[in-house]
Amino acid sequence: DLKLQFLYFIVISNMKHAAVFLAAAAATVSGQGYGPDQPDTPADFMCDWRKLSAEYAKVLRPDAEALVYDALELQKYCNGTVRPDPSKLPTVFPPKNPLPQSNAVYVDGTKGEDSNSGSIDKPVKTISHALTMKAGTVVIRAGTYYIQETLKMGVEHNGMTVTNYPGEEVWLSGGRKLENLQWKKSSLKGFNIWEADLSSIMTDDKEISELRVDGQRAWMARFPNANPESQYWPIGYLTSSTHDWTTPKISPTPNPATLVNVTGRTWDSFFTNYSGGINGTCSIYDPPFSFWCQNLPTPGKGSDCSGCFTYNIPGGVRTNNSLPKTYPSLTKTGTKNKAYLSAWRFAHWANWKFEIDSYHAKNTTDIIFGEGGFQGSRGGLGSDYYIENVIEELDVVGEYYFDIDTKMLYISSNTTAGTPPSADSEIIAVTEKDLLSITSPSKTTLVKDVKITGIGFRDTRQTMLEPHGVPSGGDWSLERDGCRVHREP
């Protein structure tokens, strides 16, 4: 039918990764009545679009066929389908690229020493040292390399290839391996809570963004409870009314922004004439500019701009006693620990994340926001929300809390009640954001012909509170940390 033909066009026409996107979308909203399967969607179409996506995903990533099957929930929506056997799927990673014949430096995190020559028989130990040796190729032997300082490459590495040893699995991780932990039973009231001192490992003041316990994700203690890997909105969210969201800290009326108009812009054929506002309510962006920070007309008053208003975000939320009257950790002064509130913008048009600046337990248990709220560009009121990184909410398996002040890690262990996490468990604390940076010193002196192949990247921390900017008059802001590639004619 027409719907299926349109979907086929979306998947096949110039959208190489549409199948993966659709799989992720299906997994995110399945069963919630929100997203690709609206309540009136015919059952045969709910199956057909999933099968089409799975077929195209198989072309792109034949090794991930079973994962896509699970994400699309084909067993639920397409009776009679059989999950592919992962053991029989082709292997794409790690690749078996041929070894270079000359001018190569070898890295072995287990057997190497940075004082070695870097030959295949005498490898160096660290990737960072190998990058200083100006070889044509850096070959990395099997293992997980925990990156505590971003690997940096520049024009001095032009023409270099960084690759895995043929057939060996190499990972760069933004985590820290927590080894030889001495677990003690905690006095906290949650299920099977254990604590360990990390002062010898976490020697800085970095936050643990996530934990990996034997390859499984653990998450910051939160309320309401939900497993972010398998439970999605509305599970794990508190609801709100429009009057619960408090007055913006920076008032949009009168508009405090400096108004600008750009005319004759020739970069492309879009937004040739462009207007917006600098600073004011957009001072939270980097750069502090947006189309939505100009004086925009009020909807319904001679305007055809439905939903337009000068950008603003709430200063906090009244939880109406949905939260406890006492949260000692949120009222503690002089602490390096931060708690967070994550929220949907109204109409679920974007997701926000705020630092919790203060908590007021009297009356309606108000939360006042600190930094954040710049993850979307339209502003307005909030909707459903939850709080996280609150030690008092550590109560179910899968949650943890790391106290930066005391360096104590608390975790609800999935072991039998009364027994600590297994000494054989691999626990990775995720702390780093950037694993590899390739940077040109100027627009005229560029990094060229650098190739990274056969390397896996994992365990990087959340970035929702990193600087964001508004690139256009659209509805979204973007984190200002990514890749810009200059191509020569």
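Residues numbered from 1 in each chain as written. Predicted model: local features only at pLDDT ≥ 70, side-chain atom pairs only at ≥ 80, totals over all residues. Heavy atoms only, no water.

Caption draft 1: Highlighting the overall build of the protein chain. Across its full length, the protein chain holds 7 helices and 28 strands. As presented, the protein chain carries roughly 26400 Å² of accessible surface, and 52% of it is formed by carbon and sulfur atoms. (Helix = DSSP H or I, 4+ residues; strand = E, 2+ residues; numbered from the N terminus. Areas by Shrake-Rupley, 256 points an atom, 1.4 Å probe, with all protein chains shown as cover.)

Caption draft 2: Summary view of a nonpolar patch on the surface. A contiguous nonpolar patch, built from Ile-438, Ile-452 and Phe-457 and spanning about 240 Å² of accessible area, is present on the exposed surface. Tracing the backbone through its elements, the reader meets Ile-452 in strand E25 (residues 451-453). (Patch = residues over 30% accessible without salt bridge, like charges linked within 9 Å, V, L, I, M, F, W, Y side chains within 5 Å. Salt bridge = Lys/Arg side-chain N within 4 Å of Asp/Glu carboxyl O.)

Caption draft 3: Summary view of the sheet that holds strand E12 (residues 222-223). Overall, antiparallel pairing links the 6 strands, which are arranged E12-E20-E17-E18-E19-E16 in an open sheet. The open sheet has two edge strands, E12 and strand E16 (316-318), and neither has a second partner. The pairing of E12 with strand E20 (residues 382-388) spans 2 bridges and is classified as antiparallel. Bridged to Arg-222 within E20 is Glu-388. (Pairing = 2+ DSSP bridges.)

Caption draft 4: Broad picture of the state of the cysteines. Summed over all chains, the structure comprises 2 disulfides. Sulfur-sulfur distance for the disulfide between Cys-282 and Cys-293 comes to 1.9 Å. Taking the torsion about the S-S bond as the criterion, the Cys-282 to Cys-293 disulfide, at about 90 degrees, is right-handed. You can see Cys-282 sitting in the loop between strand E14 (274-278) and strand E15 (289-290) and its partner Cys-293 sitting in the loop between E15 and E16, a full 11 residues away along the chain. Of the two residues, Cys-282 and Cys-293, both sit in the buried class. (Disulfide = S-S within 2.5 Å. Buried < 20%, exposed > 50% of the residue type's maximum accessible area, 1.4 Å probe, protein only.)

Caption draft 5: Quick peek at the environment of Ala-104. Considering the arrangement of structural elements, one finds Ala-104 in strand E1 (residues 104-107). Sequence-distant contacts of Ala-104, defined by excluding residues within four places in its chain, comprise Gly-118, Ala-135 and Thr-137. (Contact = heavy atoms within 4.5 Å.)

Caption draft 6: Highlighting the packing of aromatic side chains. Throughout the structure, instances matching the rule amount to 12 aromatic pairs. On the basis of an interplanar angle of 45 degrees and a centroid distance of 6.3 Å, the ring pair of Trp-245 and Phe-369 is categorised as tilted. Residue Trp-245 is located in the loop between E12 and strand E13 (258-262), and its partner Phe-369 is located in strand E19 (residues 366-372); the two are separated by 124 residues in the primary sequence. Accessibility expressed as a relative area gives 5% for Trp-245, which makes it buried. Aromatic rings pair up to connect Trp-245, Trp-352, Phe-354, Phe-369 and Tyr-385 into one cluster. Taking the ring centre of Tyr-77 as reference, the NZ or CZ of Arg-50 above it sits at 3.8 Å. One Lys or Arg, Arg-378, reaches over the ring of Trp-292 and ends 3.9 Å from the middle of that ring. (Phe/Tyr/Trp six-rings, centres within 6.5 Å; stacked < 30°, edge-to-face > 60°. Lys NZ or Arg CZ within 6 Å of the ring centre and 35° of its normal.)

Caption draft 7: Spotlight on the pattern of salt bridges. What the rule picks out here adds up to 21 salt bridges. Here the salt bridges do not stand alone but share partners, grouping Glu-210, Arg-212, Arg-217, Glu-229, Arg-458 and Asp-459 into one network.

Caption draft 8: Region of interest: the confidence of the model for the protein chain. The share of residues in the protein chain with pLDDT of 70 or more is 88%, and the mean pLDDT across the chain is 87. Residue range residues 1-35 is modelled with pLDDT below 50. Its contacts to residues more than four positions away, or to other chains, number 52 contacts. (pLDDT = per-residue confidence, 0-100.)

Caption draft 9: Here's a closer look at the packing of helix H3 (residues 43-60) against helix H4 (residues 65-72). Their axes nearest at 10 Å, the elements H3 and H4 cross at an angle of 160 degrees. When the axes of H3 and H4 are compared, the pair comes out roughly antiparallel. Seen from above, H3 lies across H4 with right-handed handedness. In this structure, H3 uses Trp-49, Arg-50, Ser-53, Ala-54, Ala-57 and Lys-58 to contact H4, whose residues at the interface are Glu-65, Val-68 and Leu-72. Across the contact of H3 with H4, the residue classes tally to 5 nonpolar, 1 polar and 3 charged. (Axes fitted to C-alpha atoms, helices over the stretch in contact; angles between N-to-C directions. Parallel < 35°, antiparallel > 145°, perpendicular 65-115°, else oblique. Left-handed = near helix turned anticlockwise from the far one by under 90°. Nonpolar A, V, L, I, M, F, W, Y, C, P; charged D, E, K, R; others polar.)

Caption draft 10: Fine view of the environment of Thr-150. Mapped onto the fold, Thr-150 is located in the loop between strand E3 (143-146) and strand E4 (151-153). With 24 residues separating them in the primary sequence, Thr-150 and Gly-174 have C-alpha atoms 9.1 Å apart. Among all residues touching Thr-150, those that are not within four sequence positions of it are Asp-434, Leu-435, Leu-436 and Ser-437. A distance of 3.0 Å separates a polar side-chain atom of Thr-150 from the backbone oxygen of Asp-434. (Polar contact = N/O pair within 3.5 Å; in protein donor to acceptor, adjacent residues only side chain to side chain.)

Caption draft 11: Spatial organisation of the sheet that holds strand E2 (residues 137-140). A sheet is described by the order of its strands in space; here 4 strands give the open sequence E1-E2-E5-E25, paired in parallel fashion. Among the strands making up the open sheet, the edge pair consists of E1 and E25. Pairs of neighbouring strands in the sheet enclose a mean axial angle of 15 degrees, with direction left out of account. Two elements, E2 and strand E5 (residues 161-164), share 4 bridges in a ladder whose sense is parallel. By the bridge assignment, Ile-140 is partnered in E5 with Asn-164.

Caption draft 12: The nonpolar core, seen in detail. Ranked by size, the top nonpolar core spans 49 residues in total, and within it Leu-211, Leu-341 and Ile-367 carry the most contacts. Setting aside anything within four residues of it in sequence, one finds Leu-211 in contact with Leu-178, Gln-216, Arg-217, Ala-218, Tyr-400, Leu-409, Ile-411, Ile-427, Ile-428 and Ala-429. Core analysis: the next-biggest nonpolar cluster, separate from the first, contains 19 residues, Ala-130, Ala-135, Leu-151 and Leu-172 among them. (Core = buried A, V, L, I, M, F, W, Y, C linked by side-chain atoms within 4.5 Å.)

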